[in-house]
Amino acid sequence: MGNGTRLGRVRGLGPSHHGTGHWLQQRLTALGNVLLVTWFVVSLIRLPLGDHAAIHRWASNPTVALALILLVVSVFWHFRLGLQVMIEDYVHGEAAKLLAIVVLNFYAIGGAAFGIFAIVRIALAPAAGLAPGGM
């Protein structure tokens, strides 16, 4: 495997550079999703689901709002990573692959931004003087 062999000349190049980081990101976001979704489901079970004001007060808590934002970011990031791998593996043609990845990135970023905006709006509604049921 010295510098004179073909393997030695290409060592350190190619797709193997990003595969490990991508794999690790996907596993870390999966772990984050398991923890955050478990917290979310347990929290919802403990709340009176028929009482909109109680759920609004819960979501208005800054700690809860931060955890919800982390949940949205983690889910959409994990979603983007997983679909990117599928696109890279199953979409043939460079133009189609590039277009699919661009659309995926716009969708993932847009969905996460919309979710974060909704959470921030709920969290800041009491500060703006809005009634809890006024949305």
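Just above, that's the structure.
What counts, and at which threshold
Residues numbered from 1 in each chain as written. Predicted model: local features only at pLDDT ≥ 70, side-chain atom pairs only at ≥ 80, totals over all residues. Heavy atoms only, no water. Phe/Tyr/Trp six-rings, centres within 6.5 Å; stacked < 30°, edge-to-face > 60°. Helix = DSSP H or I, 4+ residues; strand = E, 2+ residues; numbered from the N terminus. Buried < 20%, exposed > 50% of the residue type's maximum accessible area, 1.4 Å probe, protein only. Lys, Arg positive; Asp, Glu negative; His and termini not counted. Salt bridge = Lys/Arg side-chain N within 4 Å of Asp/Glu carboxyl O. Contact = heavy atoms within 4.5 Å.

A. Inspection of the packing of aromatic side chains at higher detail. In the structure shown here, the tally under the stated rule is five aromatic pairs. Here Phe40 and Trp58 contribute two aromatic rings whose centre-to-centre distance is 6.3 Å and whose plane-to-plane angle is 45 degrees, an arrangement assigned as tilted. Placement of the pair is Phe40 in helix α2 (residues 16–46) and Trp58 in helix α3 (residues 52–60), with a sequence separation of 18 residues. Classification of Phe40 as partly exposed rests on a relative accessible area of 27%. Pairing Phe76 with Phe79 gives two aromatic rings, centres 6.3 Å apart and planes at 85 degrees, and the pair type is edge-to-face. Of the two residues, Phe76 and Phe79 both sit in helix α4 (residues 62–90), three residues apart, roughly one turn of that helix. On the basis of relative accessible area, Phe79 is assigned to the partly exposed category, the value being 30%. Every member of this aromatic cluster is reached through a ring pair, and the members are Trp39, Phe40 and Trp58.

B. Spatial organisation of the side chain of Lys97. Looking at the secondary structure, you find Lys97 in helix α5 (residues 94–124). Notably, Lys97 is buried but unbridged: the nearest opposite-charge side chain belongs to Glu94, and the N-O separation is 4.3 Å. Every residue in contact with Lys97, bar those within four places of it in the chain, is listed here: Ile87, Glu88 and Val91.

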